[in-house]
Amino acid sequence: MSAAHIVIEFVEPAHRVLRRRAAGLFAATLTATCLVAGILVPEPARAAPPPRQPCPESRDTAVLASAAAGACGGRVEVAAARSERAQVFANADGSFTSVQAAVVQRVRAADGSWVRPDATLRAGAGGGYVPMAAALDMSFSGGGATPLATIRHGQSKLALRWPGVLPAPVASGHVLTYPEVLPGVDLAVTADIEGFGETLVVKTPQAAQSRELAAVRLVIESEGLTLREGERDSLTAVSASGQILFGSGTPMMWDSAGSEPGSAAGPGEGAAVAAMPLEVKDSTVTVRPDQGLLTRASTKFPVYIDPALLRFSWTMINNRYPNQQYWSYDRYGCPSPYTGAECAKVG
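Below or above, wherever it landed, is the structure these notes cover. Since we're looking at a predicted model, the values are computed, not measured.

1. What about the sheet that holds strand β24 (residues 303-306)?
Strand order in the open sheet formed by 7 strands is β12-β13-β14-β15-β24-β20-β21, with antiparallel pairing between adjacent strands. Edge positions in the open sheet fall to β12 (170-172) and β21 (273-275), since each of these has one partner strand only. Direction aside, the axes of adjacent strands within the sheet are offset by 25° on average. Pairing of strand β13 (residues 175-182) with strand β14 (residues 185-192) involves 5 bridges; the strand directions are antiparallel. Bridged to L182 within β14 is V185.

Dropping the structure here:
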């Protein structure tokens, strides 16, 4: 028998083929189903919380301000607690913050609203001048026999008089200049938010020879106040209750020498500076200028003589000059030789 290839063909019944194909399809479907089940499907996005409303600047009472601060997540001022130097703020956590200032930050307008302080002088009643918005009721002479300056605080009143008839002043910003109150000498009055300053401007060496400058006398008229001479040639005006309403420090004078020019507001860096003794008798205040500074050859004119009367009662402390007092100097108005330094205020 010859060799022969035998091919055996197996024919699978149709119903088995269908079952096998169906099984494969089921396996593929199951695999796909398992893959789909393994996918992490994110949860539907939640709606973002509505944004907080901006905080109001203020509310009338502490209760209302605290509620508003909690709602807006910031701080809200308590309007009823606002004063010239202080503010109180409600915080979002229910606490309160008090902010205190050494000097006046805001003043009441005629309509009762708070306005920004402004010492700029404008024409007032009776031909005089008044500040635009100051903490005290002040007025200044328009010339003639009227008081140089009048200042009121509640029921108390002080008036400062120059011993003679005043010329009509020249107004510039917050400064009034009364020309030639003495030959070669002007009188400059500088209005401030809490008071004023008066400075004699001696313009020439010839003017410095005036006998009137041996002793400068000013008259203070007061109502409801008592003048007291303090230590180191200082002066205070005290109410019936003992409260110091106005004060002066050591009277000072300075020339125009130095790297920076001086002015009626204060000396420049490197100016020659001298303290002056002050005397009070009845209602007359006498200041005696340093004659050496007025007459020495090295003095540069003009020379400024500042009695430092009737300023609000806060002062500067300077450890280089512990025996002198400087009332109402700001950190940018420190006397020479420390005009570049920051001055600490107390009051």
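2. Considerations on unusual backbone geometry
F301 connects to P302 through a cis peptide bond whose omega is 5°. Among the secondary structure elements, P302 is positioned in the loop between α4 (291-295) and β24. A positive phi angle, near 55°, is found at E180, a position not held by glycine. Residue position: E180 is located in strand β13. Unusually for a residue other than glycine, D282 sits at a positive phi of about 55°. Residue position: D282 is located in the loop between β22 (278-281) and β23 (284-287). Accessibility expressed as a relative area gives 70% for D282, which makes it exposed.

3. Concerning the state of the cysteines
The bond known as a disulfide is covalent and runs between the sulfur atoms of two cysteines. Throughout the structure, instances matching the rule amount to 1 disulfide. Note on cysteine connectivity: C55 is disulfide-linked to C72, with sulfurs 1.9 Å apart. Between C55 and C72, the S-S dihedral sits near 95°, and the bridge is therefore right-handed. Linking C55 in the loop between α1 (14-38) and β1 (58-59) with C72 in helix α2 (residues 62-72), this pair joins segments that are 17 residues apart in sequence. Residue C55 is classed as partly exposed on the basis of its relative accessible area of 30%. For C72, a relative accessible area of 12% puts it in the buried group.

4. Considerations on the packing of aromatic side chains
Throughout the structure, instances matching the rule amount to 2 aromatic pairs. Here the aromatic rings of F140 and F196 are separated by 5.5 Å at their centres, their planes lie at 85°, and the arrangement is edge-to-face. Here F140 is found in strand β9 (residues 137-140), whereas its partner F196 is found in strand β15 (residues 195-202), with 56 residues between them in sequence. The burial state of F140 is the same as that of F196; both residues are buried. Measuring from centroid to centroid gives 6.0 Å for W254 and Y304, while their planes differ by 25°, and the two rings are stacked. Placement of the pair is W254 in strand β20 (residues 252-254) and Y304 in strand β24, with a sequence separation of 50 residues. The lysine or arginine in question, R75, covers the ring of F89, its NZ or CZ lying 3.8 Å from the ring centre.

5. Remarks on the sheet that holds strand β4 (residues 96-100)
Overall, mixed pairing links the 4 strands, which are arranged β1-β2-β3-β4 in an open sheet. Either end of the sheet is taken by a strand with one partner, and the two such strands are β1 and β4. As defined by bridge partners, β1 adjoins strand β2 (residues 76-78) across 2 bridges and the pair is classed as parallel. What sits directly across from S58, in β2, is E77. Of the strands in this sheet, β1, β2, β3 (86-90) and β4 touch α2, which is tilted by about 175° from β2.

About the thresholds
Residues numbered from 1 in each chain as written. Predicted model: local features only at pLDDT ≥ 70, side-chain atom pairs only at ≥ 80, totals over all residues. Heavy atoms only, no water. Pairing = 2+ DSSP bridges. Helix = DSSP H or I, 4+ residues; strand = E, 2+ residues; numbered from the N terminus. Axes fitted to C-alpha atoms, helices over the stretch in contact; angles between N-to-C directions. Buried < 20%, exposed > 50% of the residue type's maximum accessible area, 1.4 Å probe, protein only. Disulfide = S-S within 2.5 Å. Phe/Tyr/Trp six-rings, centres within 6.5 Å; stacked < 30°, edge-to-face > 60°. Lys NZ or Arg CZ within 6 Å of the ring centre and 35° of its normal. Contact = heavy atoms within 4.5 Å.

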